[in-house]
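Close look at the chain arrangement
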Amino acid sequence: MAEFKDLVKNIEDKNTSGLYGGDFLQTWEKNDDEIDAVLNTADALRDLRERNISTKIFDSGLGVSIFRDNSTRTRFSFASACNMLGLAVQDLDEKKSQISHGETVRETATMISFMADVIGIRDDMYIGKGDAYMREVIESVKESHEAGILEQRPNLVDLQDDQDHPTQALADLDHIIHELGGVENLKGKKIVMSWAYSPSYGKPLSVAQGIIGLMTRFGMDVVLAHPEGYEVMPEVEEIAKKNAEKSGGKYSKTNDMKEAFKDADVIYCKSWAPFKAMEERTELYGKGDFDGIDKLEEELLVQNANHKDWAATEEMMSLTKDGKALYMHPLPADITGVSAEEGEVDASVFDRYRDELYREASYKPYVIAAMIFLSKFQDPAKALKDLEARGTERSISKK
Amino acid sequence: MAEFKDLVKNIEDKNTSGLYGGDFLQTWEKNDDEIDAVLNTADALRDLRERNISTKIFDSGLGVSIFRDNSTRTRFSFASACNMLGLAVQDLDEKKSQISHGETVRETATMISFMADVIGIRDDMYIGKGDAYMREVIESVKESHEAGILEQRPNLVDLQDDQDHPTQALADLDHIIHELGGVENLKGKKIVMSWAYSPSYGKPLSVAQGIIGLMTRFGMDVVLAHPEGYEVMPEVEEIAKKNAEKSGGKYSKTNDMKEAFKDADVIYCKSWAPFKAMEERTELYGKGDFDGIDKLEEELLVQNANHKDWAATEEMMSLTKDGKALYMHPLPADITGVSAEEGEVDASVFDRYRDELYREASYKPYVIAAMIFLSKFQDPAKALKDLEARGTERSISKK
Amino acid sequence: MAEFKDLVKNIEDKNTSGLYGGDFLQTWEKNDDEIDAVLNTADALRDLRERNISTKIFDSGLGVSIFRDNSTRTRFSFASACNMLGLAVQDLDEKKSQISHGETVRETATMISFMADVIGIRDDMYIGKGDAYMREVIESVKESHEAGILEQRPNLVDLQDDQDHPTQALADLDHIIHELGGVENLKGKKIVMSWAYSPSYGKPLSVAQGIIGLMTRFGMDVVLAHPEGYEVMPEVEEIAKKNAEKSGGKYSKTNDMKEAFKDADVIYCKSWAPFKAMEERTELYGKGDFDGIDKLEEELLVQNANHKDWAATEEMMSLTKDGKALYMHPLPADITGVSAEEGEVDASVFDRYRDELYREASYKPYVIAAMIFLSKFQDPAKALKDLEARGTERSISKK
């Protein structure tokens, strides 16, 4: 990792005014300076923590989380990020709340925000819903702040929506940069975002979309690979194409997994549900047609089962550059013979890359903390230097 | 809002010794000085927070919450209050606990209190139960403290019982005072506590009772309005009558909603269940007669449906003083055409008062924090001045 | 309680290097110096807290808890211990997580530990499972720390496993020491660990085993009493025997409750399930034979019902030394006529010892905090003195 002073220097050179006081949803809404500032701030905060220097910027305050889907690692990542900045996490458990009593989004958003500095939301289940919900929350707290109801305007961190999974994609990017030895080394490298077979249906598209939407900005040769029928959202493909053009990289698509894996530097291989099926599911859900959803899910399982050969097997991995491409996954993976009879990846492949996979995950708390940090400071470089100068020990046991 | 130094001056002039080391249950147990001190302390704590001055009085410690009914805003209000004072919230989720194993109240109360500075309880479901439960908890922690088992005696904050909802009523009062421009302006103003139709049965009476029990202390003309059969507890009506006499205000009751709304300055309009039915429900519950409860609930729904004209409609609101009475509700409301086919309030009325309704809710965290604060300091005015002088920033990002 | 300076002196004299950077599972893995250091550190931390001196050694950081069985007092004890040291508790609720998606123990352990300083686990349901799970977690975080994935290696505190309940046993020991007026007074005292009838089946053996495994180290005359068929794990009995030999105490077993109670100084009387039945249950569970488990539980209830005379009755207690043995229980107890028709203890016995029982429980938060503390400091005596010298107030309201 770069030295702290170099990381701070990098942040100083960037225009982060678009992040200050704002929210972090899809990465493609953020300019290159902003993406870069998140990565450098994440690394700088990690460096401070490794040196046992406290990064608490809040004496008190709440980080509110709303998880509309089960979560372990994102939940803990958000909790970790809040904790290292000094915020207490207060989870809105919709089952324990009175939201069913006909509360509007604006109302809930305001009611949970009287002392909230941050709101983290995961809402990835229905196409067209998660992103829209988050924007409604943002509008709500803005209005309530402007009306003088909220003392402060909480900033939103998108912990996965139906289109993008920005904290995952940025943690993944940070991982790739560290593994390849610097952001400058990404240019020209081939990264494959490949579909893989899973015995479960309906996994979100947002990881795949997040990867093609972000990695195309760094001059990489990005290949999206999937069986016919597993298309992602065309809007996101458009973004990937434009990004690639602008960055001097490539974006292509194939239904041939072998072709995709050939000479790849990085393999990202996971299951997702077809965009069209997800749209249909959202419509059925809207009509309350739960029998229809069950039927659709059965069909999806049958469709999935036609593509059991789509997996990160040893054979497939041997096709990659020197047989040694960096294998990535957001975890948990469906590992053949371990967590699934047949799954996304061979057990031996998974085992060989275990440390890298865990390290990949380790960037997420810092990426989330960086997003929060940049939404709070007009001059984040100075703020980081101030923290270093303050030098409060995180733990006196580390003396 | 008054200046910080004036707020502190107001507190200095009050005798708050009855709050020091004590608990906060029904407002009618507290004298005028004590009620006043809560309001002024709430405003002073809010003022400090707005100026980014930390109000942490605890370096560590727990605020324990027990919610025996679903809750969003009260849960977040309690969490916010604890957080701004430096306490971590630990929720006693009775489903995850071993309480069913035949633990007594005294035992549980002690077991959760070894490091508790505060206990917040919501228990409003059964007439005669919530208040009694809280008093048993108080007795328990007192005894355990006196026996040297607990290092400190946690103070209890009543987050809604079967008779009163003190944090709601005091937040409401603080809101009225700010909207009317000062506590001195309440004298002679007409406030209506009106029943309203809701498609759900069995809403607690404690909000209505809290309002008539508190607002009668400020010389207001308090009118309780409801259809026949929706009487509240006679004991609380007695308190309202005596308060009105003493404060030079009025307390009256009517079954005519129009008469009530006429020339009103403040309209508080929400549904509740008839006291007698709630008593019957408690008895059925005591006998474990759940069929009986279901039957009673059906009857209540039928009874409710006879009074669908009881709602804060545009027509009704037009009868109020200049058609501009302050409309209040503890939220969430049953809004006609939005969260209910027919409900407590017209959508256009609700929309017009949205900002005021949210502001009303914003006082609750500070009221709870004030109750805790006053239970902890013998000289709260000095403590507030000390906090201002200490001048710790709540967030260094606000510099 | 001894003076702070004497407690610190005691710790100074002990070799605690085996605890530093380590984990706390069964007490019998720890040497006498280490057991002693836990007790003295617990008392020293309690003394600081009683003097309103902050014991926060962390500015931020997480204490992660995993409860695989319901819990009130252990949950609150862990939360309290973390809080007094400056850690925020983040609970891994396995129902809200994606662990079912086929995550391995190593994966979960790493994913929750990026900012964890401590992990507390309760897993006592199946013989041979809880302890094994904890050791797997420890191995996992060690490996991930060594691989540079985790910035710090969280230390594990065993909050009850299938063999031992170390935080309970040590809190119990601390209680006995205080009640008998010093550790030196334990020598020769008779303590009975007796089975008792309970209308529920399948209570863990770990409390009984924890008691005989620990109290035999202090020269006590330890008697295990139970009806035939309620044997504990033979391995733990072996440990008890060896401990007794080494400490100059005694370890014996009887199926005669009266004989056991005769002239006893301390009575610990609670229900547990037969070891063999628990083994069978684990096997059935392994096969997914839930009907078999139901059947076994029925059989156990019938078996239990043959021994309703095993209870801490007034008559039994009168057999103890001067009829005044210290009565102990980990709580909650099945109290005859109160929480059970027939149970583990007479209501009048329980009532007479209520204060002592609650005091017994009050040591647990401090014991847990001491375990954490000792895992973090190479020189815990110096660390304690530094905290006293720092003199930060825990609450400024206590001035």
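Residues numbered from 1 in each chain as written. Chains lettered and ligands numbered in written order. Predicted model: local features only at pLDDT ≥ 70, side-chain atom pairs only at ≥ 80, totals over all residues. Heavy atoms only, no water.

**Side note on the relation of the copies chain A and chain C**
Its rotation angle being 120 degrees, the transformation that places chain A on chain C also includes 0.0 Å of axial translation and leaves an RMSD of 0.0 Å. What we have between these two chains is a three-fold relation. In terms of C-alpha distance to the rotation axis, chain A has Ala 88 of chain A as its closest residue, with the C-alpha 4.5 Å off the axis. In this assembly the copies use different faces: only 5% of the residues contributing to the interface of chain A also contribute to that of chain C. (Least-squares fit on C-alpha atoms with pLDDT ≥ 70 in both. Contact = heavy atoms within 4.5 Å.)

**Details of the interface of chain A and chain B**
At the junction of the two partners, chain A supplies 38 residues and chain B supplies 39 residues. At the boundary of chain A with chain B, total buried surface from both sides reaches about 3,600 Å², with 52% on carbon and sulfur atoms. At the boundary of chain A and chain B, one finds 5 salt bridges. Between Arg 46 of chain B and Glu 151 of chain A there is a salt bridge, and its shortest N-O distance comes to 3.1 Å. Connecting chain A to chain B are 13 residue pairs in polar contact (both at pLDDT 80 or more). At the level of secondary structure, the elements contributing two or more residues to the side of chain A that touches chain B comprise strand E1 (62-67), strand E2 (88-91), helix H4 (105-111) and helix H16 (380-390) of chain A. Of the residues forming the side of chain A that touches chain B, the biggest block, 4 residues, is contributed by H4 of chain A. Partitioned by chemical class, the residues of the side of chain A that touches chain B number 15 nonpolar, 11 polar and 12 charged. (Buried area = accessible area lost by both parts, 1.4 Å probe. Salt bridge = Lys/Arg side-chain N within 4 Å of Asp/Glu carboxyl O. Polar contact = N/O pair within 3.5 Å; in protein donor to acceptor, adjacent residues only side chain to side chain. Helix = DSSP H or I, 4+ residues; strand = E, 2+ residues; numbered from the N terminus. Nonpolar A, V, L, I, M, F, W, Y, C, P; charged D, E, K, R; others polar.)

**Some thoughts on helix H8 (residues 234-247) of chain B**
Counted at 1.5 Å a residue, the expected span for H8 of chain B with its 14 residues is 20 Å, and the 20 Å between its end C-alpha atoms agrees. Directly after H8 of chain B, the chain includes Gly 248 of chain B, whose backbone phi takes a positive value near 75 degrees. (Expected span 1.5 Å × (residues − 1).)

**Looking at the pattern of salt bridges**
For the structure shown, the criterion picks out 95 salt bridges over all chains. We note a salt bridge from Asp 13 of chain B to Lys 9 of chain B, for which the minimum N-O separation is 3.1 Å. The network of salt bridges with common partners includes Glu 29, Asp 131 and Arg 135 of chain A.

**Notes on a negative patch on the surface**
A grouping of Glu 235, Glu 279, Glu 280 and Glu 283 of chain A is seen on the molecular surface, where their side chains present a negatively charged patch. Per element, the largest residue contribution to the negative patch is 3 residues, and it comes from helix H10 (residues 275-287) of chain A. (Patch = residues over 30% accessible without salt bridge, like charges linked within 9 Å, V, L, I, M, F, W, Y side chains within 5 Å. Areas by Shrake-Rupley, 256 points an atom, 1.4 Å probe, with all protein chains shown as cover. Lys, Arg positive; Asp, Glu negative; His and termini not counted. Charge placed at Lys NZ, Arg CZ, Asp CG, Glu CD.)

**Remarks on the environment of Ala 383 of chain B**
Residue and element names in this part refer to chain B. Locating Ala 383 in the fold gives a position in helix H16 (residues 380-390). Relative accessible area serves as the criterion here: at 6%, Ala 383 is assigned to the buried category. Spatially, the C-alpha atoms of Ala 383 and Phe 78 are 21 Å apart, while their sequence positions differ by 305 residues. Ignoring anything within four residues of it in the chain, the contact list for Ala 383 reads Phe 373 and Phe 377. (Buried < 20%, exposed > 50% of the residue type's maximum accessible area, 1.4 Å probe, protein only.)

**Looking at the sheet that holds strand E8 (residues 266-270) of chain C**
Residue and element names in this part refer to chain C. Taken together, 5 strands build an open sheet; the order of strands is E7-E6-E5-E8-E9 and the sheet is parallel. Among the strands making up the open sheet, the edge pair consists of strand E7 (250-254) and strand E9 (326-328). This sheet shows a mean twist of 15 degrees between the axes of neighbouring strands, independent of strand direction. Examined bridge by bridge, strand E6 (residues 221-225) and E7 share 5 bridges and lie parallel to one another. Pairing of Leu 224 across the sheet is with Lys 253, part of E7. (Pairing = 2+ DSSP bridges. Axes fitted to C-alpha atoms, helices over the stretch in contact; angles between N-to-C directions.)

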